[in-house]
Amino acid sequence: MKKYFLTYLLVSTFLLFQSCLDDDISGVYQKTESIYQKGFSLEAFEDPIIREYLAVDWSSPVEFTDVDGTMLYEFDAQVGNGTPLEGQSLTLAQKYSVVVSKAVDGSPLEYKLVRFLSNDNGSLASVSYRDKADFTGTVICYNLKGRTEMLEGYQQGVLKAVSKDPVEGGSSLAGKAPKDCLPDDPYCDGGFFVYEPVRIYKDWYNNRGNKWEYSNSTYVKTVFTQVWVPSNIGGAPRPAQNYHEHIDAPAPHAPGGTGHASNHPKEIILDKSVTPCVKEIIRKLQEKDLHNATVPDISQLTGTSHLSQTILDLFKKSKNYHLTFKIGEAGTNKNAYTEIESNRNGEFYFIVTLDEEFVENGTQLVIARTLIHESMHAFLGYVSQEHFLSDSAKLLSEYNSTYGNRNTADHVFMTEYVEAIGYSLASWDYHSRDKEYYNNLAWSGEMLNTEAYRKLADSTKTKIKNVNIAEGNANTKATSNALGIKCKSL
Ligand SMILES: [Zn+2]
């Protein structure tokens, strides 16, 4: 229920600050808080779910040229947690982007909101307005009032049907559907568009004893979404004609805030500042390790758990513990830091900020390492709160009294989990390097100020320092000795 986040920041009861070392300040991070964002508003957008929940990542536009030579920018966007359109027989995963055409002077001319719908998650992952190769599903272009201006049906990247400026809001189903194919398309009968009614419900919550409990849902309205369905494929799943979505009540926008909440609780929150490259790193950290699943043992097909996957999974499932990732200013010499905030509802918000220069300088491998490290801080905070009688919590509290602060306690604790951090990193990297390399990289930040580090052999310490320099940090760019690759080189 992160929607209450901004409100209750005011009453947060404690704040913990944890940080991790690194060097100097170099490189200017390009801020693209642009005129494009200013000219965009969904106030008049018809579909309340999109109006309330669409969040656009304005930080990383991709510039491209359309077939007719128009210069365009494309921005990734997401509705809530990217929740699918839930139907009875078929769930349609969805994805959004905002496409802006620009004038010669660079000012925005026209916006369209593009929605991709597919029952194939893999097909959806890589699709964008500029590149629909391999995409199977529906592409819907809306104007900012929510009127459908163009519909396209794709099958494995091939445009099968297009319908321009269809009449919006039909009230019956297939009967009223526009059937419109490309003039000389041999597959003209390959598919057609149908109106799918999507019922929107508002979910109400009661505040009972400082906790928000679900109470009931009330019907808001039905909107019609057009979906392309192939007609001549035997057994191809048809849309369910029974879709629904939910809006949270009270309003998802905290007073004075611009935050967007998801309609279904989402526990790992990616701030708009998180770049697609870092998003992908975080996504991959949530995957189980499939490295050893080469033998046909059914129990291994789902993969092996590892540190970051387990931690991220915990936050994804937890109702009261929320994890946010963002990119920003982490302070001099810091790669990242993690803050913990709590509210009077007993909810905890862990906010991991990756330093913007670190993200620029470091390789994806070292970014993954730092994400694991910071997730571990969040996890230790969780353990101390939720399982305060556990051995780990007791040990942490012991370290806390010994070293006088929680930050050092966490890092001492982490030195006992170097191999677990290393293994998690190896899993993220599909075990492409020696185990030793990952384990050396697992030593980072203030873990290097501990007794455990001091006790290591000098040769090991040298290797640890070298890999941390090679892969890059907040101060210095990755060197040619790095084994990881940088985000920007993709
Ligand atoms: Zn740390």
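Residues numbered from 1 in each chain as written. Predicted model: local features only at pLDDT ≥ 70, side-chain atom pairs only at ≥ 80, totals over all residues.

Draft legend 1. Structural view of the overall build of the protein chain. On a plain count of helices and strands, the protein chain comes out with 14 helices and 16 strands. The 490 residues of the protein chain split such that 41% are buried. (Helix = DSSP H or I, 4+ residues; strand = E, 2+ residues; numbered from the N terminus. Buried ≥ 20, exposed ≤ 12 C-beta atoms within 10 Å, placed from the backbone.)

Draft legend 2. How the structure looks around the nonpolar core. With 60 residues, the main nonpolar core has Leu-354, Ala-368 and Leu-425 as its most contacted residues. With 11 residues, helix 8 (residues 364–386) is the single largest residue contributor to this core. Apart from the residues lying within four places of it in its own chain, the contact partners of Leu-354 are Val-278, Ile-327, Ala-330, Ala-336, Val-359, Ile-367 and Thr-370. One finds Tyr-36, Val-79, Tyr-142 and Val-194 within the second-largest nonpolar core, a separate group that totals 43 residues. (Core = buried A, V, L, I, M, F, W, Y, C linked by C-beta atoms within 7 Å. Contact = placed C-beta atoms within 7 Å.)

Draft legend 3. Quick peek at helix 10 (residues 406–415). Most of helix 10 is tucked away, with eight of its 10 residues classed as buried. Turning to helix 10, its buried residues are Arg-406, Asn-407, Ala-409, Asp-410, His-411, Val-412, Phe-413 and Met-414.

Draft legend 4. Just the confidence of the model for the protein chain, in detail. Taken residue by residue, the protein chain gives an average pLDDT of 77. The fraction at 70 or more is 73%. A low-confidence stretch, residues 1–33 stays under pLDDT 50, and its non-local contacts, those more than four residues away or across chains, total 88 contacts. Contacts from residues 168–179, a stretch scored under 50 in pLDDT, to residues over four places away or in other chains number 20 contacts. (pLDDT = per-residue confidence, 0-100.)

Draft legend 5. Helix 6 (residues 307–317), seen in detail. Turning to helix 6, its buried residues are Leu-307, Ser-308, Gln-309, Ile-311, Leu-312 and Phe-315. Structurally, helix 6 contributes buried residues whose contacts are with strand 13 (268–270), helix 5 (276–285), strand 14 (321–328), helix 8 and helix 11 (418–428).

Draft legend 6. Main features of unusual backbone geometry. In this model, Gln-156 sits at a positive phi of 45°, which is unusual for a non-glycine residue. Considering the arrangement of structural elements, one finds Gln-156 in the loop between strand 8 (148–155) and strand 9 (158–164). The exposure class of Gln-156 is exposed, given the 11 C-beta atoms found within 10 Å. Phi at Tyr-430 is positive, roughly 55°, even though this residue is not glycine. By secondary structure assignment, the location of Tyr-430 is in the loop between helix 11 and helix 12 (435–442).

Draft legend 7. Spotlight on the environment of Ala-378. Mapped onto the secondary structure, Ala-378 falls in helix 8. Residue classification places Ala-378 among the buried positions, given that 26 C-beta atoms sit within 10 Å. Separated by 67 residues in the primary sequence, Ala-378 and Ile-311 have C-alpha atoms spaced 8.5 Å apart. Apart from the residues lying within four places of it in its own chain, the contact partners of Ala-378 are Leu-323, Thr-338, Phe-350 and Val-352.

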